[in-house]
Amino acid sequence: MSLSLSVLGSGSGGNCTLVVLHDPAEPRIILIDAGLSPQETANRLGPLGYRLTQISDILVTHTDHDHLHRGWAKSKRCGDFIWRVSRRHLGEAVAAGIPARCLEPFDERFRLDERTPIEAIALPHDDLGTMGLLIGHGAVRLGYVTDLGRVPPSLLRAFTDLDALAIESNYDRAMQQASDRPDFLKRRIMGGLGHLSNEQSLDAVLTMARSGSLQHVVLLHLSRHCNDPQLVQQLYAKQAPHLLGRLTISNQYAATPMLHVTGQAGSADHPERAGRQLNFLETRQG
Ligand SMILES: [Zn+2]
């Protein structure tokens, strides 16, 4: 069992990630967030060999416009998907025009199917917060988290033993401070209810990389005004050179390559790990 992902676009102009769950019996193709317009999403899926009609589920981390584009409500495709939204964001999703019959609210733990358990971790971000997603698929574990004001212990407890991690790296602190943004906005972004700085993100990555063996680290939601991919690259070269070869920095304008993720080297069929994966929802309940 394996999965592939491509960040179709990420940033304040719209976030959307394609995840392909390779299941020989029943492959499942999903999106995390739908912050690009339906047309733009289709445009970026095409070169990767996928179409909107193949998407079964859309997981929504939170309902800000850059994660749930309001054009979806007007699209004739809108009713073709299962829109999976945390219970706390349900009202906002309805207000955004997603038909109630297509909405499937989730709580802390849910399943896409028998082989795909998901744990949702509530995180601080503005009023309603956002959800970090730990997606299990067979023996594979993918952590996906963006738009969090800070990294609480609950996230570090959940995001262990990952095979791939996608996490925001929103701003460079010095660039943010020197920017001509109004003070209230700087405070909102940096005050623990906004976004993670490059350093905060790297700290979390280093902690999460200590267990398991990450095949990919994907950085999300880089600010166009207060960040620079080259700076981030340099930061990793200096402080996490061992991760540099596994690093992908997503951007607003084009999809990343398809990144393939398997269960840990040699352990994909290891009964202990596979068993833990399949049951991680249950075993973590205690
Ligand atoms: Zn956002």
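Structure report, in brief.

Conventions and cut-offs
Residues numbered from 1 in each chain as written. Predicted model: local features only at pLDDT ≥ 70, side-chain atom pairs only at ≥ 80, totals over all residues. Heavy atoms only, no water. Helix = DSSP H or I, 4+ residues; strand = E, 2+ residues; numbered from the N terminus. Buried < 20%, exposed > 50% of the residue type's maximum accessible area, 1.4 Å probe, protein only. Contact = heavy atoms within 4.5 Å. Areas by Shrake-Rupley, 256 points an atom, 1.4 Å probe, with all protein chains shown as cover. Lys, Arg positive; Asp, Glu negative; His and termini not counted. Charge placed at Lys NZ, Arg CZ, Asp CG, Glu CD. Core = buried A, V, L, I, M, F, W, Y, C linked by side-chain atoms within 4.5 Å. Donors = N, O, S within 2.8 Å, 3.2 Å for Na, K, Ca; no water. Tetrahedral: all angles 85-135°; square planar, octahedral: opposite > 155°, others 65-115°. Pairing = 2+ DSSP bridges. Axes fitted to C-alpha atoms, helices over the stretch in contact; angles between N-to-C directions. Salt bridge = Lys/Arg side-chain N within 4 Å of Asp/Glu carboxyl O.

**Things to note about the overall build of the protein**
Within the protein one finds nine helices and 14 strands. Seen along its three principal axes, the alpha-carbon backbone of the protein occupies a region of about 55 × 45 × 40 Å. The buried share among the 286 residues of the protein stands at 55%. Considering only contacts in the protein between residues 6 or more positions apart, those separated by 24 or more positions represent 65%. As presented, the protein carries roughly 11900 Å² of accessible surface, and 51% of it is formed by carbon and sulfur atoms. Each charge sign in the protein was given a centre, from 29 positive and 30 negative side chains, and these centres are 1 Å apart.

**Some details on the nonpolar core**
Counting residues in each nonpolar core, the largest one holds 28 residues, and the members touching the most others are Leu155, Phe159, Leu165, Ile167, Leu219 and Tyr236. Counting residues per element, this core draws most heavily on helix α6 (residues 198–209), which supplies five residues.

**A short note on the coordination of the zinc ion**
Protein coordination at the zinc ion: the donors are Asp66 (OD), His67 (NE2), Asp147 (OD) and His221 (NE2), at 2.1 to 2.3 Å from the metal. Around the zinc ion, the four donor atoms are arranged such that angles at the metal cover 87 to 164°; this shape is classified as irregular. In terms of primary sequence, the donors binding the zinc ion are separated according to D-H-x79-D-x73-H. With a gap of 80 residues between them, His67 in the loop between β4 (55–60) and β5 (82–86) and Asp147 in the loop between β10 (140–145) and α3 (153–158) connect regions that are remote in the sequence. We classify Asp147 as buried; its relative accessible area is 1%.

**Focus: the environment of Ala93**
Examined against the element boundaries, Ala93 turns out to sit in helix α2 (residues 90–95). Setting aside residues no more than four positions away along its own chain, Ala93 makes contact with Thr63, Leu68, Val85, Ile98 and Leu103.

**Re the sheet that holds strand β11 (residues 164–168)**
On the basis of which strands lie adjacent, the open sheet formed by seven strands has the order β7-β8-β9-β10-β11-β12-β13 and mixed pairing. Each of the sheet's edge strands pairs with one partner strand only, and the pair in question is β7 (109–113) and β13 (247–249). In this sheet, adjacent strand axes meet at a mean angle of 20° when their direction is disregarded. Bridge analysis of β10 against β11 gives four bridges, and the strand direction is parallel. When the bridges of β11 are listed, Leu142 appears paired with Ala164. Together, β12 (216–220) and β13 form the strand contacts of helix α7 (residues 229–239), whose direction differs from that of β13 by roughly 165°.

**Remarks on the pattern of salt bridges**
Tallying each qualifying case throughout the model produces eight salt bridges. With a closest N to O distance of 3.0 Å, Asp57 and Arg28 form a salt bridge. Taken as a pair, Asp57 in strand β4 and Arg28 in strand β3 (residues 28–32) lie far apart in primary sequence, 29 residues in all. Residue classification places Arg28 among the buried positions, given a relative accessible area of 13%. The partner of Arg44 in a salt bridge is Glu40, with the nearest N and O atoms 2.7 Å apart. Residue Arg44 and its partner Glu40 are both found in helix α1 (residues 38–45); the two are separated by four residues, about one turn of the helix. For Arg44, a relative accessible area of 12% translates into the label buried. Here the salt bridges share partners, and the residues they tie into one network are Arg28, Asp57, Arg84 and Asp113.

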